[in-house]
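Letter by letter, the chains look like this.
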Number of protein chains: 2
Amino acid sequence: MKKIINKPENYVNEMLEGLYIAHPDLITYTADDVRCLVTANKKEGKVGIATGGGSGHLPLFLGYVGLGMLDGCSVGDVFQSPSAEQMLAVTKEIDSGSGVLYIYGNYNGDIFNFDMAAEMADFEEGIRVESVVAGEDVASAGPASPNEKNTRRGVAGIIFVYKCAGAAADAMLDLDEVKRIAQKAAENVRTMGVALSPCIVPRVGKPGFEIGEDEMEIGMGIHGETGIRRGKLEPADQIVTEMLDKIVADIPYVSGDEVAVLVNGLGSTPLDEQYIVTRKIDQYLKEKGIKVHRYYVGEYATAIEMAGFSISLLKLDDELKKYLEAPARTPFFTQV
Amino acid sequence: MKKIINKPENYVNEMLEGLYIAHPDLITYTADDVRCLVTANKKEGKVGIATGGGSGHLPLFLGYVGLGMLDGCSVGDVFQSPSAEQMLAVTKEIDSGSGVLYIYGNYNGDIFNFDMAAEMADFEEGIRVESVVAGEDVASAGPASPNEKNTRRGVAGIIFVYKCAGAAADAMLDLDEVKRIAQKAAENVRTMGVALSPCIVPRVGKPGFEIGEDEMEIGMGIHGETGIRRGKLEPADQIVTEMLDKIVADIPYVSGDEVAVLVNGLGSTPLDEQYIVTRKIDQYLKEKGIKVHRYYVGEYATAIEMAGFSISLLKLDDELKKYLEAPARTPFFTQV
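Values in this document were obtained by computation on a predicted structure and should not be read as measured data.

Quick notes on the rules
- Residues numbered from 1 in each chain as written.
- Chains lettered and ligands numbered in written order.
- Predicted model: local features only at pLDDT ≥ 70, side-chain atom pairs only at ≥ 80, totals over all residues.
- Heavy atoms only, no water.
- Contact = heavy atoms within 4.5 Å.
- Buried area = accessible area lost by both parts, 1.4 Å probe.
- Salt bridge = Lys/Arg side-chain N within 4 Å of Asp/Glu carboxyl O.
- Phe/Tyr/Trp six-rings, centres within 6.5 Å; stacked < 30°, edge-to-face > 60°.
- Helix = DSSP H or I, 4+ residues; strand = E, 2+ residues; numbered from the N terminus.
- Buried < 20%, exposed > 50% of the residue type's maximum accessible area, 1.4 Å probe, protein only.
- Axes fitted to C-alpha atoms, helices over the stretch in contact; angles between N-to-C directions.
- Parallel < 35°, antiparallel > 145°, perpendicular 65-115°, else oblique.
- Nonpolar A, V, L, I, M, F, W, Y, C, P; charged D, E, K, R; others polar.
- Least-squares fit on C-alpha atoms with pLDDT ≥ 70 in both.
- 1 Å grid on protein atoms, 1.4 Å probe; cavity = no way out; pocket = protein on both sides within 12 Å on 5 of 7 lines; lining within 4 Å.
- Points joined across faces, edges and corners; volume = space filled by probe spheres on them.
- Pairing = 2+ DSSP bridges.
- Right-handed = clockwise from strand over helix to strand, strands pointing away.

**Student:** Help me understand the interface of chain B and chain A, please; the structure alone is not making it clear to me.
**Tutor:** As a measure of interface size, the accessible area lost when the parts come together is often cited. Each side of the interface is counted separately: chain B has 53 residues, and chain A has 52 residues. Taking both partners together, chain B and chain A bury about 4,600 Å²; carbon and sulfur atoms supply 63% of that area. Per-residue buried area on chain B facing chain A is highest for B:Lys2, B:Ile4 and B:Tyr275; these three make up 20% of the total on that side. Joining chain B to chain A, the criterion identifies four salt bridges.

Written out as structure tokens, the structure reads:
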């Protein structure tokens, strides 16, 4: 896991500089801070959608800012939340009077800062902000607590929330409606991952955990959070079956349901293997009577150079399908 | 380098099955052979464009079959040429009377089989076939031989040849014109890569070469062919400078030129690092007075899970720029 970098402390900002150079038609930044990334194509009157989170997950989070998806993203250090001030700067820039929706993953640092940014936006700037927290990792579903707090981590399935909410905002729906659609997508997506190797945070310089040369960990999170089972590496079909058994039972997805499927590479797992996984998913879902509307296969949310993949299912109704199918163009997601 | 696979001997076919499941609107196969991949949207009267090559390089080669680019691809085993018979089957399927152009990389197995397929297409089927061989790896530029045979390996830069030729065919130009444009693109592109780690061919089960934990190899090919220098891993900016010094001197690219730039990840190198590389490329080319028309950054031609990247430059004129900018939609390349 050698890295093609300069100084580790410049990793995030140099990455961002390269990103602005490569995609000047789609993204720019505000507040003189490259970590306050916003769309280069602000649409007046539209509800703004902002996300944010730590670096190390490209194309997540910032790669989905553009046309028909997100309007802004505050960018943290690797695996660290951006600050509330950065979130506020993005919020101010993307609001055009119709309010702003925050969509972000279920992590304590992000929740704390986004909540603070929302308060500041309201009190200091008079901008109405609503939030939808994406948490869909079946591996981190804790026991139901008295207040039914969602314990699930947000992982790759957040893409579906971005896509549906982004299309709804692009169709000029109001903030309440965009929030409702985002919430509906968030509640209907479930994800599970498997990791085969660790990753190295550049400033740390060594792997975040160890795993044997013949081992895998089912359910590991995208920062290396402990999964639900570590064991010997198994054939692809067996791994997929175990993951889908848990995903499908969770909502549950049942015969007659229609879903979108996201097969997501975590970093160093080749596309070939992701398609071998896709083949088995299709067999499995056919046997369960679950219809696949559309597949997305590739790297959508990574963990630097971690090997492994995740599977996400989004249960569709006609409304979600319409917004999922709408066109979008961002640095990492183009759909026509 | 653990793999998420079933039996190694089924690696290619299971990958292809997954690919057809995920992209039924764009691709299908002919001759009852999943390795004879063709477009699902044949355009009558258009010059057909076929490519082919070994597996292990996704999205290369097959990932560029679709609208506005390629019409067919014969798929070999990992790092092995497909057969002339498979190439012929693809040729027959994609021809609609206007002839077929082969565009493929400069490797002996591919040259031998594509030449045989072209002869069979002509003699047995009466299909006119022309060929353009892409060979642009500056690291493998041998001494000029008496017959000026190009010794350069074809690597990621072939994407530019696909894109320009595909757009020309889509504009209904005839075979001679499509070949001329493909040839022009091929002659104006140069590439150099650097590898940091080996990859494992599934049926072999061990790395194709060894490289020290602190080493890199400048100029290594996408099958692990020996490069031009092995040494200690250096900072990203220094690596980029060495690679661009060699690329720019080769054509040469000079002040006032306009280029498209492809930054290509070889497999397990994160997007973040590819953008850090992009940042330095931009600085370097600005200093040389070379204008960048457009950047492409991501995994376009990989070597399974090899770590490393390549840089390709395409020198543009108005004609190539027009075809480069034309819309296209394939499983791995969408441009609007």
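What follows continues from the structure just given.
**Student:** I keep staring at the packing of aromatic side chains and nothing clicks. Help me out?
**Tutor:** Aromatic ring pairs are reported here in terms of the distance separating the ring centres and the angle at which the planes meet. Throughout the structure, instances matching the rule amount to 16 aromatic pairs over all chains. A ring pair is formed by A:Phe332 and B:Tyr275, whose centres lie 6.0 Å apart and whose planes are at 80°; its orientation type is edge-to-face. Taken together, the residues A:Phe332 in the loop between β13 (328-330) and β14 (333-335) and B:Tyr275 in helix α7 (residues 271-288) connect one chain to another. When sorted by exposure, A:Phe332 lands in the same class as B:Tyr275, which is buried. A centroid spacing of 4.9 Å and a plane angle of 55° characterise the contact between B:Tyr20 and B:Tyr29, whose relative ring orientation is tilted. Taking the relative accessible area as the measure of exposure, B:Tyr29 reaches 39% and is therefore partly exposed.

**Student:** Got a minute to help me understand the packing of helix α5 (residues 175-187) of chain A against helix α8 (residues 318-325) of chain A in this structure?
**Tutor:** Geometry of a packed helix pair, given as the angle between the helix axes and the separation of the axes. Residues and elements named next belong to chain A. Across the interface, α5 lies against α8 with an axial gap of 11 Å and an inter-helix angle of 100°. The angle between α5 and α8 places the two elements in the roughly perpendicular class. Here Arg180, Ile181, Lys184 and Ala185 of α5 lie close against α8, whose contacting residues are Glu319, Leu320 and Tyr323. Residue composition of the contact of α5 with α8, by class: four nonpolar, no polar and three charged.

**Student:** What is the right way to read the relation of the copies chain B and chain A from this model?
**Tutor:** For the pair of chain copies, the relating transformation is a rotation about an axis with a translation along it. Between chain B and chain A, the superposition needs a rotation of 180° and an axial shift of 0.0 Å, giving an RMSD of 0.0 Å. Taken together, the rotation and translation relating the two chain copies correspond to the operation of a two-fold axis. The C-alpha atom lying nearest the rotation axis in chain B is that of B:Ser268; the distance is 2.0 Å. A share of 98% of the interface residues of chain B reappears at the interface of chain A, consistent with the copies meeting face to face through the same patch.

**Student:** Would you mind going over the layout of surface pockets with me for this structure?
**Tutor:** Using a probe with the size of a water molecule, rolled over the atoms, empty space left in the structure can be pinpointed. Taken as a whole, the second largest pocket encloses approximately 800 Å³ of empty space. A:Met1, A:Ser197, B:Met1, B:Ser197 and B:Glu213 are the residues nearest the centre of the second largest pocket, which is lined by 32 residues in total. Each residue belonging to the lining of the second largest pocket can be placed in one class, and the counts come to 16 nonpolar, seven polar and nine charged.

**Student:** Teacher, can you tell me more about the pairing of strand β11 (residues 291-298) of chain A here?
**Tutor:** Two faces belong to every sheet, and in a regular strand the side chains alternate between them. Residue and element names in this part refer to chain A. As defined by bridge partners, strand β10 (residues 258-265) adjoins β11 across seven bridges and the pair is classed as parallel. Residue Val259 lies in a different strand from β11, and its bridge partner there is Val292. Since β10 and β11 lie parallel, the crossover through helix α7 (residues 271-288) that links them has a hand, and here it is right-handed.

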